[in-house]
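Each chain is listed here by its residues.
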Amino acid sequence: QLQASGGGVVQAGGSLRLSCAASGRTSNSFSRYVAGWFRQAPGKEREFVAAIGWSGTFTYYTDSVKGRFTISRDNTKNTEYLQMSSLKPEDTGVYYCAAATSLSDYRLGSSYDYWGQGTQVTVSS
């Protein structure tokens, strides 16, 4: 019910824009969900990247992406975005979008109810 797209291969310093579209039952209430992005690098645990409140007023980022990534959403399109700039090789991984109906801690994957299938981002040096 969440479909992530936009991944690819990019050189260090480049940019990518990820999208995550909600469909079905998830789309009916998407505007009331907190939306987030996580990533998982090879051999590492999944980690929080960014989250955005239901209205888009509040955004949160892990320290390593602050100033380089921007999370946004368009509730009229039931879609969230992750604009990634100044990409580094350490940003390489599978990026997952997620949505939460209620949130205890936006940094924890267990707080989210819906997940996309993941999109691969590879940053070459």
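What you see is a predicted model; the values in this text were computed from it and never measured.

Enquirer: Got a sec to walk through the state of the cysteines? Specific residues and values, please.
Expert: For the coordinates displayed, the defined rule picks out 1 disulfide. Between the sulfur atoms of C20 and its disulfide mate C97 the distance is 2.1 Å. Between C20 and C97 the sulfur-sulfur dihedral comes to about 60 degrees; the bridge is accordingly right-handed. One end of the pair, C20, is in strand β3 (residues 16-22); the other, C97, is in strand β9 (residues 93-100), with 77 residues separating them in the sequence. Like C20, the residue C97 is buried in the burial classification.

Enquirer: Just give me the short version of the pairing of β9, but keep the residues and values in it.
Expert: Burial analysis of β9 places 6 of its 8 residues in the buried class, the great majority of the element. Bridging between strand β4 (residues 34-40) and β9 involves 7 bridges; their strand directions are antiparallel. Paired with W37 across the bridge in β9 is C97. Bridging between β9 and strand β11 (residues 119-124) involves 3 bridges; their strand directions are antiparallel. Within β11, the position partnered with Y95 by the bridge is T119.

Enquirer: Residues and numbers for the packing of aromatic side chains, please.
Expert: Aromatic rings considered in pairs are described by the distance between their centres and by the relative angle of their planes. A complete count under the given rule lists 7 aromatic pairs for this structure. Their ring planes at 55 degrees and their centres at 5.1 Å tell us that F38 and W115 sit as a pair that is tilted. With F38 in strand β4 and W115 in strand β10 (residues 114-115), this pair connects stretches of sequence that are 77 residues apart. The exposure class of F38 is buried, given its relative accessible area of 2%. An aromatic cluster of at least three residues, connected via ring pairs, comprises F38, F48, Y60, Y106, Y112 and W115. The ring of F30 carries the charged tip of R73 above its face, separated from the ring centre by 4.7 Å.

Enquirer: How would you sum up the sheet that holds strand β1 (residues 2-5)? Please name residues and give values.
Expert: One open sheet accounts for 4 strands, arranged β1-β3-β8-β7; its pairing is antiparallel. Lying at the two open borders of the sheet, with one neighbouring strand each, are β1 and β7 (69-74). Here the average twist between neighbouring strands, direction ignored, is 15 degrees. As defined by bridge partners, β7 adjoins strand β8 (residues 79-84) across 6 bridges and the pair is classed as antiparallel. Residue pairing across strands places T70 opposite Q83, the latter belonging to β8.

Enquirer: An account of the environment of E45 is needed here, citing residue identities and associated values.
Expert: Inspection of the secondary structure assignment puts E45 in the loop between β4 and β5 (47-52). Setting aside anything within four residues of it in sequence, one finds E45 in contact with R39 and Q40.

Enquirer: Report on the nonpolar core, specifying residues and quantitative values.
Expert: In a soluble, globular protein the nonpolar side chains are often hidden away together inside. Core analysis: the biggest nonpolar cluster contains 27 residues, and W37, V49, F69, L82, M84 and Y95 have the highest contact counts within it. Listed by contribution, the elements that provide at least two residues to this core are β1, β3, β4, β5, β7, β8, β9 and β11. Not counting chain neighbours up to four residues away, the residues in contact with Y95 comprise L18, W37, F38, R39, V49, F69, L82, M84, G118, T119 and V121. Of all hydrophobic cores here, the second largest spans 7 residues; its members include V34, F38, A51 and Y112.

So, how was this worked out
- As a convention, each chain's residues are numbered from 1 in the sequence order in which they are written.
- Local features in this predicted model are restricted to residues whose pLDDT is 70 or higher, and side-chain atom pairs enter the listing and the counts only when it is 80 or higher, whereas totals over whole chains, interfaces and linings include all residues.
- Values shown for side chains rest on all heavy atoms present in the structure; no hydrogens or waters enter the calculation.
- When two cysteine sulfur atoms lie within 2.5 Å, the pair is treated as a disulfide.
- Helix and strand definitions follow DSSP, with helices as H or I runs of at least four residues and strands as E runs of at least two, each counted in order from the N terminus.
- Only protein chains enter the accessibility calculation, which uses a 1.4 Å probe. A residue is then buried if its area is under 20% of the maximum for its type, exposed if over 50%, and partly exposed in between.
- By this definition, two strands are paired if DSSP reports at least two bridges between them.
- Note on aromatic pairs: the rings of Phe, Tyr and Trp (six-membered ring only in Trp) are paired at centre separations within 6.5 Å, and the planes decide the class, stacked below 30 degrees, edge-to-face beyond 60, tilted for the rest.
- We call a charge positioned above a ring when the Lys NZ or Arg CZ atom is no farther than 6 Å from the ring centre and deviates by at most 35 degrees from the ring normal.
- The angle between two axes is taken between their N-to-C directions and runs from 0 to 180 degrees, where each axis is a line fitted to C-alpha atoms and a helix contributes only its stretch in contact.
- Here a residue-residue contact requires only that any non-hydrogen atoms of the pair lie within 4.5 Å.
- What makes a nonpolar core is a set of buried Ala, Val, Leu, Ile, Met, Phe, Trp, Tyr and Cys residues whose side-chain atoms join them at distances within 4.5 Å.

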